[in-house]
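A closer look at the structure
So the chains spell out like this:
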Amino acid sequence: MIYTNEYGVQFRRRVTGFYKPTEPSGLYARGRRYYLDSSSPWMPVAQSCLRPEDSA
């Protein structure tokens, strides 16, 4: 996947899991549902920040 951060910088990342809170969560409500292999693997990111990597 290509992850685009809040500054518009893009990184190649792999989705490692899905955020499934047991209680109501503001992060989940804002669409942050995917964990990535990153320096902050505990912080979920939104699907809107992800796109498939070009296979070319």
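Here, the structure is the one placed above.
Heads up: these notes are all about the structure in this document. All figures in this text were calculated on a predicted structure; none of them were measured in a lab.

Once that is clear, we can look at the packing of aromatic side chains. The final tally for this structure, using the stated rule, is four aromatic pairs. Their ring planes at 25° and their centres at 6.5 Å tell us that Tyr 3 and Phe 11 sit as a pair that is stacked. Overall, the relative accessible area of 16% leaves Tyr 3 in the buried class. Among the residues examined, Phe 11 registers a relative accessible area of 33% and is labelled partly exposed. Summarising the aromatic geometry, the rings of Tyr 19 and Tyr 28 are spaced 6.3 Å apart at their centres and angled 55° between planes, so their arrangement reads as tilted.

Of all hydrophobic cores here, the largest spans five residues; its members are Tyr 3, Tyr 34, Leu 36, Val 45 and Leu 50. When near neighbours in sequence (up to four residues on either side) are disregarded, Leu 50 contacts Met 1, Ile 2, Tyr 3, Val 15, Tyr 34, Leu 36 and Val 45.

Rules of the game
Residues numbered from 1 in each chain as written. Predicted model: local features only at pLDDT ≥ 70, side-chain atom pairs only at ≥ 80, totals over all residues. Heavy atoms only, no water. Phe/Tyr/Trp six-rings, centres within 6.5 Å; stacked < 30°, edge-to-face > 60°. Buried < 20%, exposed > 50% of the residue type's maximum accessible area, 1.4 Å probe, protein only. Core = buried A, V, L, I, M, F, W, Y, C linked by side-chain atoms within 4.5 Å. Contact = heavy atoms within 4.5 Å.

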